[in-house]
Amino acid sequence: MLPKRFFNFYAGRGEVHIGSRLFRLPERAPVRIGLGAGLLVGGSLGFLPVLGFWMIPLGLLVLSQDLPLVRRWRRSFVVKMERRNGKRPKRNSAPADTAE
């Protein structure tokens, strides 16, 4: 049995799972873009007591739902992390069980 992950993002469904909580993103694109931009602005003011720098990656995650440039950044980050953790082979690597 695989260990349960602490964080999951399902872009197709617009859901973010953090721990045992489920957060659904708004269905309308302008509202999602406004939410993502607000999180980025709030995160840039992370030195203030109420706000935090944790809002920046969350804002980018929300924006990746609608903006292709941010989506490419997120996808390349996920691919790099999967390769780093050994869950995804390198692009041009040959299968390990080939006999010559």
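All values reported here derive from a predicted model rather than from experimental measurement.

Draft legend 1. A look at the pairing of strand β2 (residues 15–18). Sheet topology note: the strand β1 (residues 7–10)/β2 ladder contains four bridges and is antiparallel. Note on β2: the bridge partner recorded for Phe 7 is Ile 18. Between the antiparallel neighbours β1 and β2 lie four residues, among them Gly 14 with a positive phi of about 70°. Where β2 and strand β3 (residues 21–24) come together, four bridges link them in antiparallel fashion. For Ile 18, the partnering residue across the bridge sits in β3 and is Arg 21.

Draft legend 2. Structural context of helix α1 (residues 29–44). With 16 residues, α1 should cover 22 Å at 1.5 Å per step; its first-to-last C-alpha distance of 23 Å lies within 8% of that length. For α1, the complete set of buried residues consists of Arg 32, Gly 36, Leu 39, Gly 42 and Gly 43. Looking straight down α1, one finds that the buried residues subtend no more than 130° of arc, so they occupy a single side. The exposed residues of α1 that point more than 90 degrees off its buried face are Pro 30 and Val 41. Elements that come into contact with the buried residues of α1 comprise α2 (55–63).

Conventions we followed
- Residues numbered from 1 in each chain as written.
- Predicted model: local features only at pLDDT ≥ 70, side-chain atom pairs only at ≥ 80, totals over all residues.
- Heavy atoms only, no water.
- Pairing = 2+ DSSP bridges.
- Helix = DSSP H or I, 4+ residues; strand = E, 2+ residues; numbered from the N terminus.
- Expected span 1.5 Å × (residues − 1).
- Buried < 20%, exposed > 50% of the residue type's maximum accessible area, 1.4 Å probe, protein only.
- Arc of directions from axis to C-beta.
- Contact = heavy atoms within 4.5 Å.

Everything listed here is a matter of geometry and, on its own, says nothing about what the molecule does.
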